[in-house]
Amino acid sequence: MRATHLLVGAAVLLAAGQAFAAGIDLSKPWGNKSGCINNNGQEVYAEDMLLLTSEAFVTVASACSFTDKRPQANGSLVVTAQCEAEGEEGQTPAQFIIKRSAKNAKRLVIADKDGNAMGEVSRCK
């Protein structure tokens, strides 16, 4: 009986480890073409710019600094942030969901808290 409990416990740990391994890795930046070009500072202006790092999510009109990142059992990442919009003073709270693209596992989709996709990014080279 004890062996059965050990096997079940090992299976749970293995499954949890695999779920974490399949999670979102933000150790290197992600972006669309213009986002990756702008990774080291604003080099080109592009309306569609998206850049995702371990600390922030940046678009052409806003910058959001992450205050909390919570991995989910489904492999996605729920991020809480403080955002500043161009032309506005102060910060506003926001929440994002970052998950693998259903169309291409090498891409990430960034969505708002309601699940509306804001864009898709690839790992910057």
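What counts and how
- Residues numbered from 1 in each chain as written.
- Predicted model: local features only at pLDDT ≥ 70, side-chain atom pairs only at ≥ 80, totals over all residues.
- Heavy atoms only, no water.
- Helix = DSSP H or I, 4+ residues; strand = E, 2+ residues; numbered from the N terminus.
- Buried < 20%, exposed > 50% of the residue type's maximum accessible area, 1.4 Å probe, protein only.
- Contact = heavy atoms within 4.5 Å.
- Areas by Shrake-Rupley, 256 points an atom, 1.4 Å probe, with all protein chains shown as cover.
- pLDDT = per-residue confidence, 0-100.
- Disulfide = S-S within 2.5 Å.

Caption draft 1: Up close: the overall build of the protein. On a plain count of helices and strands, the protein comes out with two helices and eight strands. For the protein, the N- to C-terminal ordering of α and β elements is α-β-α-β-β-β-β-β-β-β. Counting across all 125 residues of the protein, residues that qualify as buried make up 29%. Partitioning the intrachain contacts of the protein with sequence separation of at least 6 by distance along the chain shows that 28% fall at a separation of at least 24. When the accessible area of the protein is evaluated, it comes to approximately 8300 Å², of which 56% is carbon and sulfur surface.

Caption draft 2: Summary view of the confidence of the model for the protein. Here the protein averages 83 in pLDDT, and 82% of its residues register 70 or above. Note on residues 1–21: pLDDT under 50 across the span, and one contact to partners over four residues away in sequence or across chains.

Caption draft 3: Summary view of the state of the cysteines. For the structure shown, the criterion picks out two disulfides. A sulfur-sulfur distance of 2.0 Å marks the disulfide that ties Cys36 to Cys124. Handedness here is read from the sign of the S-S torsion; for Cys36 and Cys124, about -85°, the answer is left-handed. With Cys36 in helix α2 (residues 33–37) and Cys124 in the segment after β8 (117–123), this pair connects stretches of sequence that are 88 residues apart. Residue Cys36 is classed as partly exposed on the basis of its relative accessible area of 23%. Sequential numbering of the bridged cysteines in the protein gives the disulfide pattern 1-4, 2-3.

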